[in-house]
Amino acid sequence: MELFDDFPSMGRKDLVDLKKGIDFAFRDFSRDNGEAIEGFFDPLMYFMVWFEKLLMAAPWPIMILIFAILAWLGARSIGIVIGTIVSFLAIGYFGMWEDTMATVAIISVATFLCIGLGIPLGILMSRSNRVQATVTPVLDIMQTIPSFVYLIPVVMLLGIGKVPGLIAVCIYALPPIVRLTNLGIRLVDKEVLEAAESFGSNYRQKLFDVQIPLALPNIFAGVNQTIMMALAMVVIASMIGVKGLGVPVLRAVSNQYLALGLMNGLAIVALAVIFDRVSQEYGKRLQKHRQGGHGV
Amino acid sequence: MSDVKVSIKNLYKIFGPNGGAMVSKVENGATKTSLQAEHKHVLGLNNVNIDIPARRIQVIMGLSGSGKSTLIRHLNRLIEPTSGEILVDGEDVLAMSAEELRNFRRNRMSMVFQKFALLPHRTVIDNVGYGLKIKGVDKAEMNERSQKWIDRVGLAGFENNYPAQLSGGMQQRVGLARALATDAEILLMDEAFSALDPLIRNDMQDILLDLQEELHKTIIFITHDLDEALNIGDNIVILRDGAVIQQGSPQEIVLDPADDYVRDFIKDINRARVLDVSAVMEASSSDSGLEFASTVILEDAMPAMVKADVTHANVMRDGEVIGKVTLAAMIGAIARPESNDEEQVTYR
């Protein structure tokens, strides 16, 4: 039985033509529109360049002080503040200060971008089952498709540099904040919503007085996850021209420099731990009112 | 006796994709079970007609699934009816636009919930002021008015606590204060005290009756607890499968239950606390020298007669003797109907 031995596949020639057709169509599209799209992202690029330069140019003691203050404001824990200071001192001592600042810069911009896009999208999803049914598979694809695959069209369109790197990071880091915002709002106690309704809340009052505040712990778990995912993309982003700790890691991989790889890898871990602890502690403080205990 | 505040007319609620078409089937005799089996629609409310008097406590009671929570949510349109009319002060609630409905909810009708439904991230004073905030009352006035109600429900000193730091009873006082703070004339209470333990529940009933003596709101109170209904209700409506089985004063329901369902409901209650002497008097007069006002309940009258060592007494209204009660008639009236305990009673 020939049919069972050979899969009835598309002819080799047809397949080549199909692939070529798609490739050429996209190439033509990017030739025609690449500049316009690049122009659209220009303000973002200027901002990123400026922000990165700012972090690198600032004297290191001031930067460490700022990190320590931010850690304190977020976590209110002396231990975490001390950990932050020691980590950054070690990073600087081992000569990774500039790369670390570049990484912090892109992670910060990516996180804010993801929050800015992800929370409204999550709210939209929570409002309508149809939107949820449409967006969920897209998020699934964003999280599971190998990063290299979407790097191809991004690089074809925008070349290599900060903006395509940022887009690559955001594609990977956006889904958790969207999902958890949607989930958080959907989990809000129905009776509390009914109460808001029964006192005559309009849509905006319901959203800002009830739904977002009650969903905040979940939304914040999403922010935390988004930061972690963004950090995980640092090395891949460095392949398309994003400066930072990913660059030496990449060099170490191709040249088998164990110590270089290890040191920069550990610096990424240190950043991840600091961001994680500070944002988690902050999230916990947001929920303090949920704890019981009379007369506290 | 008093004017009608809320009037519910021919109200139907049928859950399902095609509820409107099912109304005629119910009118032609389909029951909850047959509607479910043959048409996959759930009968929520079946031709409900209630006139709720102003400034009284109207209790709506029934077991779970009887449609009482569905009914109360129709009054402020948290649930839309399938057909029927709801008139508040003669105005059709169902005809209101979204904007009119919001203003109606903000100013004229407020609600207390079974599980309190407080905002966990707001302090007590901000929770009480929630309805005022939605109305757009400025912060200073909001706090002043909230404080007044916090004091009134006995929560002074807890203004800056979060709901999670309070006990259930205290949380429901916050819920009550929040509903009262908007100065709405109509108060909807959806099993408001059912989640509380019995002692606290009695406390809350007393607080409510206390407040009512002063405020004279139109209160619509949902409960599944007959003792609670008899204790606080001026009028009671009994629902089953979404239909009204009986409505009347507590005494009317206890003395003249409409059917076995109601009879079953009332068989375990303390009748001496519901019935007053006028309900068991006979047209005659007594020479025992003891007199009761006609509204004295049997629970108070019987010990008084035993103490005075008499077996009959006069019932008085406006200084006139209107009848006579005997101890025997009283004891007869408080006996449980169809009591099964007779086997344990032996005559010698």
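Residues numbered from 1 in each chain as written. Chains lettered and ligands numbered in written order. Predicted model: local features only at pLDDT ≥ 70, side-chain atom pairs only at ≥ 80, totals over all residues. Heavy atoms only, no water.

**Digging into the packing of aromatic side chains**
Consideration 1: Summed over all chains, the structure comprises 11 aromatic pairs over all chains.
Consideration 2: On the numbers, 5.8 Å between centres and 5 degrees between planes, the contact of Phe47 of chain A with Phe51 of chain A is stacked. In this pair, Phe47 of chain A and Phe51 of chain A are both assigned in helix H2 (residues 12-57), four residues apart and thus about one turn of the helix distant.
Consideration 3: The exposure class assigned to Phe51 of chain A is buried, which follows from its relative accessible area of 18%.
Consideration 4: Ring plane angle 80 degrees and centroid distance 5.4 Å describe the contact between Tyr261 of chain B and Phe265 of chain B, whose orientation is recorded as edge-to-face. (Phe/Tyr/Trp six-rings, centres within 6.5 Å; stacked < 30°, edge-to-face > 60°. Helix = DSSP H or I, 4+ residues; strand = E, 2+ residues; numbered from the N terminus. Buried < 20%, exposed > 50% of the residue type's maximum accessible area, 1.4 Å probe, protein only.)

**Remarks on the interface of chain A and chain B**
Consideration 1: Contacts between the two partners involve 24 residues from chain A and, on the opposite side, 32 residues from chain B.
Consideration 2: Both sides of the chain A and chain B interface together cover about 2,400 Å² of buried area, and 57% of this is carbon and sulfur.
Consideration 3: Of all residues in chain A, the largest losses of buried area upon contact with chain B belong to Glu191, Phe199 and His289 of chain A, amounting jointly to 31% of the total for that side.
Consideration 4: Taken together, the links from chain A to chain B amount to four salt bridges. (Contact = heavy atoms within 4.5 Å. Buried area = accessible area lost by both parts, 1.4 Å probe. Salt bridge = Lys/Arg side-chain N within 4 Å of Asp/Glu carboxyl O.)

**Brief notes about the environment of Lys13 of chain B**
All names here are of chain B.
Consideration 1: Tracing the backbone through its elements, the reader meets Lys13 in strand S1 (residues 4-15).
Consideration 2: By relative accessible area, Lys13 is classed as buried at 13%.
Consideration 3: Between the C-alpha atom of Lys13 and that of Glu91, which follows or precedes it by 78 residues, the distance is 20 Å.
Consideration 4: Dropping the residues within four chain positions of it, Lys13 is found in contact with Val42, Leu43, Gly44, Leu45, Thr70, His74, Ile79, Glu80, Pro81 and Thr82.
Consideration 5: Polar side-chain contacts of Lys13 include one of 2.7 Å to the backbone oxygen of Glu80. (Polar contact = N/O pair within 3.5 Å; in protein donor to acceptor, adjacent residues only side chain to side chain.)

**Comments concerning the pattern of salt bridges**
Pairing of side chains with opposite charge becomes possible as their charged atoms draw close.
Residues and elements named next belong to chain B.
Consideration 1: Counted by the stated rule, this structure contains 29 salt bridges over all chains.
Consideration 2: The salt bridge involving Asp183 is made with Arg145; its shortest N-O contact spans 3.2 Å. Note that Asp183 is positioned in the loop between helix H8 (168-181) and strand S7 (186-190) and Arg145 in helix H7 (residues 139-152), a separation of 38 residues in sequence.
Consideration 3: You can call Arg145 partly exposed: its relative accessible area is 22%.
Consideration 4: Its salt-bridge partner being Arg273, residue Glu299 comes within 3.2 Å of it at the nearest N-O pair. Of this pair, Glu299 sits in helix H15 (residues 298-308) while Arg273 sits in helix H13 (residues 271-274), and the two are 26 residues apart along the sequence.
Consideration 5: You can call Glu299 partly exposed: its relative accessible area is 28%.
Consideration 6: Taking the relative accessible area as the measure of exposure, Arg273 reaches 53% and is therefore exposed.
Consideration 7: Within this structure, Lys5, Asp89, Glu91, Arg108 and Glu185 form a network of salt bridges that share partners.

**Regarding the domain arrangement of chain B**
One frequently used descriptor of interface size is the decrease in accessible area upon assembly of the parts.
Residues and elements named next belong to chain B.
Consideration 1: According to the domain assignment, chain B contains domain 1 (52-85 + 96-108 + 184-269) and domain 2 (272-334).
Consideration 2: One C-alpha centre belongs to domain 1, the other to domain 2; they are set 31 Å apart.
Consideration 3: Taken together, the contact pairs six residues of domain 1 with four residues of domain 2.
Consideration 4: For the pair domain 1 and domain 2, the summed buried surface comes to about 410 Å²; carbon and sulfur atoms form 73% of the total.
Consideration 5: At the boundary of domain 1 with domain 2, the tally comes to zero salt bridges.
Consideration 6: In this structure, the connection of domain 1 to domain 2 is made through one residue pair in polar contact (both at pLDDT 80 or more).
Consideration 7: Take the side of domain 1 that touches domain 2: its biggest share by element is four residues, from helix H11 (residues 250-255).
Consideration 8: Class assignment for the residues of the side of domain 1 that touches domain 2 results in five nonpolar, one polar and no charged. (Domains from an automatic or database assignment. Nonpolar A, V, L, I, M, F, W, Y, C, P; charged D, E, K, R; others polar.)

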